[in-house]
Amino acid sequence: MELFVHRALRPVFHSRAICQTQSASASVAFRRCIGGRTSPSIKTITSAQQHPGIIALATSSSSCSRCFHSSSFPSHHRHHPLGTLLRAPSLLTTVSKIGSRMSSSPEGQDMMDVLAGNSNQLADDICAAGSNAGKRQKLVMDYLKAADRDGKGVSAEFPDGLDWFNVTEPLTLQGSLRGKVVVLDFFTYCCINCMHILPNLKRLEHLYPIEQGLAVIGVHSAKFRNEKDSNNIRAAVERYEITHPVVNDNVMAMWRKLRVQCWPTLMILGPRANPLFVILGEGNYDDLKLYVGSAIRYYREKGELRTHSLPIDLSHTAGLASHLKFPGKVVCCEGGEEELYAVSDSGNHRILIFEPNGTVRYTIGGKSSGFVDGGFREARFNAPQGVAFRGPNELYVADNENHAIRLIDLRTRTVSTVAGNGVQGNDRTGGKTGREQALSSPWDVAVYSTRDLDMSFHVDESKAPLKDVLLIAIAGIHQIWAIFLEDTIWWKFKKYPAGSCCAIAGSGHEQNRNTSYPHSAAFAQPSGLAINREVKEVYLADSESSAIRKISLTDGKVMAVAGGDRNPLDLFAFGDIDGKGYEAKLQHPLGVAYNAKDGHIYVADTYNHKIKKIDASTNCAATCEFREANGEIKRFSEPAGLCLDRTGQLLFIANTNNHELLVASLPDGTIRPLKLHFPVPEEMDSSSSNADDRATVLRSKQPIKLHLGNGKVVSTLRLLFNFTFAGKGTKLTEGAPQRWSLTLPSTDWGSEQTNGSLDDGAQSLTLPITVPSGRELSTNGNPVTIEIDFNLNLCEGDLCFPKQFTVRLDVRQEQDTDNDDDDDDDTSKANNESEERYEVQLSRATIALKDN
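Throughout, residues of each chain are indexed from 1 in the direction in which the sequence is written. Where totals are concerned, whole chains, interfaces and linings use all residues; where local detail is concerned, this predicted model gives features only for residues with pLDDT of at least 70, and gives and counts side-chain atom pairs only at 80 or more. As a rule here, side-chain values come from all non-hydrogen atoms in the structure, and water together with hydrogens is ignored.

> Would you mind showing me how to read the overall build of the protein chain here?
Runs of H or I in DSSP of at least four residues are treated as helices and runs of E of at least two as strands, each being numbered from the N terminus. For the protein chain, the count of helices and strands is eight helices and 55 strands. In the protein chain, buried positions account for 60% of the 852 residues. Should any heavy atoms of two residues lie within 4.5 Å, those residues are counted as being in contact. When contacts within the protein chain are restricted to residue pairs at least 6 apart in sequence, long-range pairs at least 24 apart make up 62% of them. Buried, partly exposed and exposed residues are distinguished by accessible area as a fraction of the type maximum, computed with a 1.4 Å probe on protein chains only: under 20%, between the cut-offs, and over 50%, respectively.

> Can you help me understand the nonpolar core in this one?
Across soluble globular proteins, you tend to see nonpolar side chains buried next to one another. As used in this record, nonpolar core signifies buried Ala, Val, Leu, Ile, Met, Phe, Trp, Tyr and Cys residues forming a set joined through side-chain atoms within 4.5 Å. By size, the foremost hydrophobic cluster in this structure holds 86 residues, and its most contacted members are Phe 158, Leu 184 and Tyr 291. Take this core: its biggest share by element is eight residues, from helix 6 (residues 285-301). What Phe 158 contacts, discounting residues up to four positions off in sequence, is Trp 164, Leu 171, Thr 172, Leu 173, Leu 177, Leu 184, Ile 217, Val 219, Val 247 and Met 254. Within the second largest apolar cluster, 33 residues are counted, among which are Leu 706, Trp 740, Ile 769 and Val 811.

> Could you clarify how one ought to interpret the packing of aromatic side chains in this entry?
When the centres of two rings from Phe, Tyr and Trp lie within 6.5 Å, Trp using its six-membered ring, the rings pair. Their planes under 30 degrees apart give stacked, over 60 give edge-to-face, and anything left gives tilted. All chains considered together, the criterion is met by 19 aromatic pairs. Considering the side-chain rings of Trp 255 and Trp 263, the 5.0 Å spacing of their centres and the 45 degrees angle between planes classify their relative orientation as tilted. For the pair shown, Trp 255 and Trp 263 are each scored as buried. For the pair Tyr 539 and Tyr 594, a centre-to-centre distance of 5.6 Å together with 45 degrees between the ring planes defines the contact as tilted. Placement of the pair is Tyr 539 in strand 32 (residues 537-542) and Tyr 594 in strand 36 (residues 591-595), with a sequence separation of 55 residues. With a relative accessible area of 2%, Tyr 539 lands in the buried category. On the basis of relative accessibility, which here comes to 17%, the residue Tyr 594 falls in the buried class. Every member of this aromatic cluster is reached through a ring pair, and the members are Phe 721, Phe 723, Phe 790, Phe 805 and Tyr 838. Note on criteria: charge over ring means Lys NZ or Arg CZ within 6 Å of the ring centre, with the direction from the centre no more than 35 degrees off the ring normal. It is Arg 203 that lies over the ring of Tyr 285; its NZ or CZ is 3.7 Å from the centre. Sitting above the plane of the Phe 572 ring, Lys 223 keeps its charged end 4.9 Å from the centroid.

> Can you walk me through the sheet that holds strand 17 (residues 350-354) in this structure?
Spatially, 15-16-17-18 is the arrangement adopted by the four strands of the open sheet, whose pairing is antiparallel. On the outer flanks of this sheet lie strand 15 (327-332) and strand 18 (360-365), each paired with one strand and no other. Neighbour-to-neighbour, the strand axes of the sheet open up by a mean angle of 15 degrees, direction not taken into account. The pairing criterion is simple: DSSP has to find at least two bridges between the two strands. Bridge count between strand 16 (residues 341-345) and strand 17: five bridges; the pairing is antiparallel. Paired with Tyr 341 across the two strands is Phe 354, which belongs to strand 17. Here the axes come from fitting lines to C-alpha atoms, over the contacting stretch only for helices, and the angles between their N-to-C directions go from 0 to 180 degrees.

> Just to check I follow, could you spell out the packing of helix 3 (residues 192-207) against helix 6 for this structure?
The geometry of a pair of packed helices is captured by two quantities: the angle between their axes and the separation between those axes. At their nearest, the axes of helix 3 and helix 6 sit 10 Å apart, and the two run at 30 degrees to each other. Between helix 3 and helix 6, the angle falls in the class roughly parallel. You can see that helix 3 and helix 6 cross each other, and the crossing is right-handed. Within the contact between the two elements, helix 3 uses Asn 200, Leu 201, Arg 203, Leu 204 and Leu 207 and helix 6 uses Tyr 285, Leu 288, Lys 289 and Val 292. Tallied by class, residues from the contact of helix 3 with helix 6 come to six nonpolar, one polar and two charged. Should an angle fall under 35 degrees it is called roughly parallel, over 145 degrees roughly antiparallel, and 65 to 115 degrees roughly perpendicular, with every other angle called oblique. The hand of a helix crossing depends on one turn: near helix anticlockwise from the far one by less than a right angle means left-handed, and clockwise means right-handed. Three classes are used, and their members are as follows: Ala, Val, Leu, Ile, Met, Phe, Trp, Tyr, Cys and Pro are nonpolar, Asp, Glu, Lys and Arg are charged, and the others, Gly among them, are polar.

Structure (structure tokens):
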């Protein structure tokens, strides 16, 4: 965690923030409240190189907040560290008091200094009030009465000529925003902390619409050069689904005038543009809701709120994305007979699994966000990012804005959650399993196979069992975590049970610190992972330090590769320079891929809009040039994901802001777009909210009955489908794909194949299914469901047409009677098998299912 703080201003840190200052020269002492004791865990650090006048503050503890009186503290302060920073009297010569004790700005003292000091004191008093809602409300109302007496509005105003988004005309504090309680959100779109508060602002806007007196304004103040460009901001506004007005303050005029120091900063103004509160960092929704709700009630009673609307127009931001919308990461399946790829279609909140030619095999999730497990059609994600195959049948997903890791099972066609609960966490250690383990913005995942690191001797090392570990780049708290998918002995002989989710590297401070001790190292928003299996290292794109770094997977040592700066506190060492090690400069890279064929690390240098490669043996970085069919050099737009094909000759690129996938040939430097083909029209696939609206659903009149003869369930269920054609001359189109896919009730069921195609000329399909044995199949006698999706192509004379439909079969478990042992039991039941036959009648006009 790194903070740059203006020495004369006392902002209120509720949680994490990336801070920038303009002048400060001396170290300052800080303290925090833990059970009434002063803790030395927050210390000052000398200013970063190339940034004189800046104080960098870092915590050596990973669990502090504004007030930790015990391990259980008020929920409205259950934030990330740094809630107690900036307490020292030396930061402010005079601190005005809160409520009845608060006075106007002393003569000669800056109004914003007073606002910051008063806001800090108010937050302290609210913390001390604990869960006493009445007392907290009274504190805020007393504060508002005293603050309102001053009555001075800010002199700052949005300059003319700035670009605005989501509105048809510029807004002004003294014009269109007068009569509103205004929340100014100072943010930069690279900052993960800024992204974390967007859901809170959405909740606030839902509670208090514009017509009720609240206006939220995003003031974009760029960190990177790339973020000053209005086209890139427009894309970010759409990508993050920001619906309130946003202004590109590309000269940071409002930032300077209002003396803002860090991202994110929320400044709350009254209806006369009179400053009321300042809140810095994330994790502050309860306080934000209390402040804004109190201000709206206070000024409504005074008759100062206006009910006019604002010129909102989201169509000014909407982009034209075809099948993909802001694709994040792409990955190749290295195992199995088929070569498959997966891409996180982040803007559409779904995962697509496709063949090398672009044919989409599976669509998982939908175009609406959510946090739902279940079948591919019902499952929902929220801006997913990283994807990683574990063998040919499992795909792990970093479900970023759900703060969760999800598992896609291609055998059962289901999605489940393996870590995270949909709510942003603040744990920096871990150790829990499943939904009990909270996470914070996982951005990428990678599967690594290792033998137990316990110094055991094996005569033949190749026969020692391999254990799979899922590595996770946790951007939200600047750490690398792991889910141990099997019982594993890891670094320093520590044992981890299967399913446990733990931090394995990074202190949680936002720094570019390399050490031999993984938990002493520090990262800055790690956003991409790539494994070098030969030397047992993982490369990571450390986006906020603009560096590529690596971790030894044998002992956890963290080392530099290229980019960034030797000073671990300097997060502004970015640029666009080829070179070796620290001499090379990148700008907010998000993706990495390692090519074992040529020994290079390929980098999505996102904010430089380039693809670069780094020689893994020399750490020398160089820019890749790819030429389109017309000979022109390809220009990218914030590429974020990369992967290699199995030959190591093709580089797949997620060109995020252009909503496209590209395939670059490394031997000849050519590049081409990869157009995705959806066999089922999109309006009929899983993006629809109702499965029955996507295609015809055929149900059997009678459920399948699996008998519990002698306490055992039949072990095999055989489904036979015969296709008949009612129309004259109707038949399956010769040479056309005739696809089917099978969805089973749970992972306990099995089948040799869960998808495939009908053989040419075949008019039947047999599906043998393995049924769980030794226990009941369902609870309370409710049936379970088997689904078979068909995507067929038919002809009728010279006319050809597709037919997409689903056969849905209910399976009920029944106890046999005493007559089960009679001699007339059929052979299949005696052999512990059950067979069901169905006739599917097809014509151009109808589809029907008939039980045989």
